[in-house]
Amino acid sequence: MWIGVVSIFPELLSAIASAGVLGRAIERGDLALAPFNPRDHAGDRRGTVDDRPYGGGPGMVMMAPPLLKTIAAAAAAAPSPPWVVYLSPQGRRLDQAKVEGLAERPSLLLVAGRYEGIDERIVELAVDEELSLGDYILSGGELPAMVLVEAICRLLPGVLNNQDSILTESHLEGLLEYPQYTRPENVGPLTAPEVLLSGDHGAVAAWQRSQALLRTWQRRPELLAGRALEDEDLALLRAALASVEAEGGGAA
Ligand code: SAM
């Protein structure tokens, strides 16, 4: 897959792109990540890409000409016409289903804004979709763009060493993942659940499924709303809730 990112701070992108799963995917060629700097397409030698907003108001706005030229240059460099996403607090909220849809595209171009945002005509002329990370304001679109790149990268074939982990991860199947434990067996007063040390794969799988259902029910009940659970899942959830009640617990 090819992903271009339009940003005046390419060094922010490369810092994230050089580590971990993402760094490995780029190194192996599973993902090509290309930065495009609007300052390279500025109309002056100082690389000016922003100007005061028409009508007044605080801050500066990213100008249309350098950004449109950058988007055109990036599109020309892409192996196929890219789907253009502007990371914006005014866009649709990003979720796993959207990430999965975007991961199917061969080419994506992500536009990171700065200052007070970008001239609206860029959105009208060159953007296919606006996506938000959440209802809060960041100073720039670089981190949202790289959040999206990392989420997509994990879904690309061959990127994760253990493809199975994709299947149980939170939100992949509409559930939160079960709690995880590793050595040592005892941490202060807490012992890892006995079933996980039993070597009984069927019992472990049933426990993990019941905990995933229980966690989702306790923490994010809206994820289960309107979803018809299989009889087996329903029985696991009921049993998990009964055992929480018997222990005198309830809240997560
Ligand atoms: N004035 C804009 C507004 O009120 O909608 C906010 C501009 S923000 C300070 C600068 C840039 O950060 C935006 O152009 C966008 O690219 C990015 N940004 C900020 N918050 C974001 C969020 N929640 N999701 C995605 N991008 C965001």
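Nothing here was measured: the structure is a model prediction, and the numbers come from that model.

Caption draft 1: Examining the overall build of the protein chain more closely. Counting its regular elements, the protein chain contains nine helices and nine strands. In terms of overall size, the protein chain is more extended than a compact globule, its C-alpha atoms giving a radius of gyration of 23 Å where 252 residues would be expected to give roughly 18 Å. In terms of overall dimensions, the protein chain has a C-alpha envelope of 70 × 40 × 40 Å along the principal axes. Looking at the protein chain as a whole, 38% of its 252 residues qualify as buried. Within the protein chain, contacts between residues at least 6 apart in sequence are counted, and of these 76% link residues at least 24 apart. Accessible surface, the protein chain: about 14,500 Å² in total, of which carbon and sulfur atoms supply 53%. Separation of charge centres in the protein chain, based on 21 positive and 34 negative side chains, amounts to 6 Å.

Caption draft 2: Highlighting the environment of Gly-226. Note that Gly-226 resides in the loop between α8 (201-219) and α9 (231-246). Spatially, the C-alpha atoms of Gly-226 and Asn-161 are 34 Å apart, while their sequence positions differ by 65 residues.

Caption draft 3: Representation of the domain arrangement of the protein chain. Its domain assignment divides the protein chain into domain 1 (2-153) and domain 2 (170-246). Here the C-alpha centre of domain 2 lies 38 Å away from the C-alpha centre of domain 1.

Caption draft 4: Layout of the layout of surface pockets. One number sums up the size of the largest pocket: a volume of about 530 Å³. Around the largest pocket, the lining comprises 25 residues; the ones closest to its centre are Tyr-86, Ser-88, Pro-89, Glu-116 and Gly-117. Mapped onto the lining of the largest pocket, the elements with two or more residues apiece are β5 (83-93), α5 (120-126) and β7 (129-132). Of all the elements, β5 adds the most residues to the lining of the largest pocket, at five residues. Grouping the amino acids of the lining of the largest pocket by side-chain chemistry returns twelve nonpolar, nine polar and four charged.

Caption draft 5: Summary view of the site of the ligand. Close contacts around the ligand come from 20 residues, with Tyr-86, Leu-87, Gln-90, Glu-116 and Tyr-136 the closest. Interatomic distance of 3.4 Å between a backbone N/O atom of Ser-88 and a nitrogen atom of the ligand. For the ligand, the accessible surface in isolation is 580 Å², of which the surrounding protein chains cover 87%. If you map the ligand onto the pockets, it falls in the largest pocket.

Analysis parameters
- Residues numbered from 1 in each chain as written.
- Predicted model: local features only at pLDDT ≥ 70, side-chain atom pairs only at ≥ 80, totals over all residues.
- Heavy atoms only, no water.
- Helix = DSSP H or I, 4+ residues; strand = E, 2+ residues; numbered from the N terminus.
- Rg over C-alpha atoms; globule rule 2.2 N^0.38 Å.
- Buried < 20%, exposed > 50% of the residue type's maximum accessible area, 1.4 Å probe, protein only.
- Contact = heavy atoms within 4.5 Å.
- Areas by Shrake-Rupley, 256 points an atom, 1.4 Å probe, with all protein chains shown as cover.
- Lys, Arg positive; Asp, Glu negative; His and termini not counted.
- Charge placed at Lys NZ, Arg CZ, Asp CG, Glu CD.
- Domains from an automatic or database assignment.
- 1 Å grid on protein atoms, 1.4 Å probe; cavity = no way out; pocket = protein on both sides within 12 Å on 5 of 7 lines; lining within 4 Å.
- Points joined across faces, edges and corners; volume = space filled by probe spheres on them.
- Nonpolar A, V, L, I, M, F, W, Y, C, P; charged D, E, K, R; others polar.
- Near = heavy atom within 4 Å.
- Polar contact = N/O pair within 3.5 Å; in protein donor to acceptor, adjacent residues only side chain to side chain.
- Sits in = over half its atoms within 2 Å of the grid points.

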